[in-house]
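Listed below are the residues making up each chain.
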Amino acid sequence: MDNLLRFRDDEAHDEPAVSIDAFLGQSNATSVRIEAGEDARQLIPFLDRLALVEIDFPRFRDGRGYSSARILREAGYKGEIRASGDVLVDQMLFMRRCGFDSFAPAAPIDEAALEAALARFDYVYQNAADDAVPVWKLRHG
Amino acid sequence: MYRYDQYDQAIVDARVEEFREQTARRIAGAMNDDQFKPLRLKNGLYLQLHAYMLRVAIPYGTLDGRQMRKLADIARRYDRGYGHFTTRQNLQYNWIKLEEAPDILAELATVEMHAIQTSGESIRNLSADQYAGAAADEICDPRPWAELLRQATTFHPEFSYLPRKFKIAVIAAQEDRAALRWHDFALRIVKNDVGEQGFEVYAGGGMGRTPIIAYQIREFLPFAQIFSYLQAVLRVWNTHARRDNIHKQRMKILVHELGEEEFRRQVEEGFQHFLTLQTDFPQAEYDRIAAYFAPPPFETGPSAEIDRSDPEFALWVDRQTVAHKAPGYAIVNISLKPITGIPGDISAEQMDIVADLAERYSFDEIRATHAQNLVLPHVRKADLHALWQVLDAAGLASVNLDLVTDIIACPGLDYCSLANARSIPLAQKIAARFADMDRQLELGELKIKISGCINACGHHHAGHIGILGVDRKGTENYQLLLGGSGAEDTSQAKITGPGFDEDGVVDALEKATNVYLRERQPGERFLDTYRRVGMDPFKEAIYG
Ligand code: SF4
């Protein structure tokens, strides 16, 4: 976890994540890992038991994890959502907007580039899982 | 026309700076090409055979004179003095240097333009009816919805790394001028039984190697819920589509695999969920956007008389102009298909002329069409002759709208790194063969569409006559297809049989037109005759 980047104030949760299958097969785990292609909705009944959901990106172009994160946030999950794997600086803004609040990238992220990328856009066009206010709301109060 | 406010401008400006910084990191080697590629594609930048190609978005095909002049300026300064209008109503430059691309995007931003999401696995620039706001047969102007959806789908955080590209079209007329059902997601504005307007929704269409015509997924969707519905569609696709085979990742394949009913069921379920999130844009935002598309101040009662004493002008009027909703006005089609030209190409000088004409005669509006032509949507009939004279002097007064020489052709092997065969020289050969005006008029409406490979950018599946370039043991070979349509009578063209070399396919095409002339009944277009008599007589004439 050398490269771990967190955007949360609480302590990092270090219980190793188990697979969805293992979790659903009556485990007491508090961390789960979702592989690309697995249905995040399976976790919805158990969200209050979870402290960490890790969502894997096998390739950065594989966008399934964005939906997984947003689905969990829409269901009210407040715990940590961590993007792991092929996570690159140029995708992290949209990941933040979809509800990811920690990152375990396979390769280290350049901090200056990340800071610039996350601060780049002052405005967004649509609601997502973050608290950015869409411009239609700014336009109409 | 829509104008950016401070927010739109800030977003586009930030995007330019983002890409400038990303390009610098790529050039400095801080990012590899695999990592850079999706980023440049989302900014319209392809690597082609000889150079980078930049695809500029012309949202729903609408632009004004100032924007057209900027396109000309960029063509002169950064390219070789011309541009190419595409079947997606966009404009492509063919000779771009990577290190200059950020400057070009900055230039575009000064006239409220961009190249955002014009390629890559993203929600692409929307297409729409090129006669929107002018057509006599529309129930409203579809462009406010297109602009609203442009904003809603720009930098959508969940749907920016989709399985494949995603194309949307919007129309509001019975006649389909936008190849609606060949899109992944298509909207036709309709009225329901109680007179409310809303969307008829189609999903799962697309060309490429597995052509599928979109199916009607919803008969009526209230306007206000469109963004929820679209997100539901996208989420079903984004979460379920395969990611292991690029040829099987378009949404049409998922719809096909799940079945229309099951796909619809999942979308409806997701739709109910999205409605609870309240992400739809409010009526006030629609109203704000719609105000920009208020009809221009048409004069009441300008003369509808046209002096037809010049026969060349009369011929042009009859072919290139279309009924306008306002009395005394006409919609003017500018052909970008001169007989010896490259379909869709336009020089910087011609762009400037079109810009002038738009400002002088068409309330400063220009449209690009998916058939790679231009439109001046609002011209007083009394001005047609003056306008025609300027077009004629600029080489822009060809008479061939929807005729055999109005050929759609993709860039093909002359530019495109994916091509199997050349499209442009073939289009030129066909145009030369059928150049005679009387012969063109005799053949009537006949839409020829040429693609240089299976990706079908030249819409060959939707051609009355389609031509597909393939690679046959290392030589260019062309398959002939008949019976496609991109209009409201959408259909998929069928292959006639074994392919031909370049001259052979021109001969075969001519034989097909001869069958039509022999078999047709009064009032029938080529497509109608083909549908009535079927493939056999054509096969016989071509291969017999
Ligand atoms: S159809 Fe093929 S050859 Fe033509 S532009 Fe598209 S990818 Fe290139």
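Quick caveat, the model's predicted, so the values are computed rather than measured.

A.B. asks: What is the right way to look at the packing of helix 13 (residues 424–433) of chain B against helix 15 (residues 502–519) of chain B in this model?
C.D. replies: Relative placement of two packed helices is described by the angle separating their axes and the distance separating the axes. All names here are of chain B. The N-to-C vectors of helix 13 and helix 15 enclose an angle of 40°; their axes lie 10 Å apart at closest approach. Between helix 13 and helix 15, the interaxial angle falls into the category oblique. When you trace helix 13 past helix 15, the crossing you get is right-handed. Two secondary-structure elements touch here, helix 13 through Pro425, Leu426, Lys429, Ile430 and Arg433 and helix 15 through Glu502, Asp503, Val505, Val506, Asp507, Leu509 and Glu510. Taken together, the residues of the contact of helix 13 with helix 15 sort by class into 6 nonpolar, no polar and 6 charged.

A.B. asks: Any chance you could explain the nonpolar core here in plain terms?
C.D. replies: Residues and elements named next belong to chain B. Grouped together as the largest cluster of nonpolar side chains are 152 residues, with contacts concentrated most on Phe166 and Trp316. If you tally residues by element for this core, the top one is helix 6 (residues 226–240), at 9 residues. Setting aside residues up to four positions removed in sequence, Trp316 forms contacts with Thr321, Val332, Asn333, Leu384, Leu387, Trp388, Leu391, Ala397, Ser398 and Val399. Judged by nonpolar contacts, the second largest core, of 30 residues, contains Leu443, Leu482, Ala512 and Phe538.

A.B. asks: How should the pattern of salt bridges be read in this particular structure?
C.D. replies: Residue and element names in this part refer to chain B. Under the criterion given, the structure shown has 76 salt bridges over all chains. One salt bridge connects Arg164 with Glu121, and the closest N-O pair in it is separated by 3.3 Å. Of this pair, Arg164 sits in the loop between helix 5 (143–153) and strand 7 (168–171) while Glu121 sits in the loop between helix 4 (101–109) and strand 6 (127–128), placing them 43 residues apart in sequence. Here Glu121 falls in the partly exposed class, since its relative accessible area comes to 24%. A salt bridge links Asp244 to Arg242, with the nearest nitrogen and oxygen atoms 3.1 Å apart. Under the relative-accessibility criterion, Asp244 is labelled exposed at 60%. A relative accessible area of 29% means that Arg242 is categorised as partly exposed.

A.B. asks: Teacher, can you tell me more about the side chain of Arg150 of chain B here?
C.D. replies: With respect to the helices and strands, Arg150 of chain B occurs in helix 5. Its relative accessible area of 6% is what places Arg150 of chain B among the buried residues. Only 3.0 Å separates the side chain of Arg150 of chain B from the side chain of Glu147 of chain B, close enough to count as a polar contact. Ignoring anything within four residues of it in the chain, the contact list for Arg150 of chain B reads Tyr125 of chain A together with Tyr2, Tyr4, Asp8, Pro59, His114 and Leu126 of chain B.

Basis of the calculations
Residues numbered from 1 in each chain as written. Chains lettered and ligands numbered in written order. Predicted model: local features only at pLDDT ≥ 70, side-chain atom pairs only at ≥ 80, totals over all residues. Heavy atoms only, no water. Axes fitted to C-alpha atoms, helices over the stretch in contact; angles between N-to-C directions. Helix = DSSP H or I, 4+ residues; strand = E, 2+ residues; numbered from the N terminus. Parallel < 35°, antiparallel > 145°, perpendicular 65-115°, else oblique. Left-handed = near helix turned anticlockwise from the far one by under 90°. Contact = heavy atoms within 4.5 Å. Nonpolar A, V, L, I, M, F, W, Y, C, P; charged D, E, K, R; others polar. Core = buried A, V, L, I, M, F, W, Y, C linked by side-chain atoms within 4.5 Å. Buried < 20%, exposed > 50% of the residue type's maximum accessible area, 1.4 Å probe, protein only. Salt bridge = Lys/Arg side-chain N within 4 Å of Asp/Glu carboxyl O. Polar contact = N/O pair within 3.5 Å; in protein donor to acceptor, adjacent residues only side chain to side chain.

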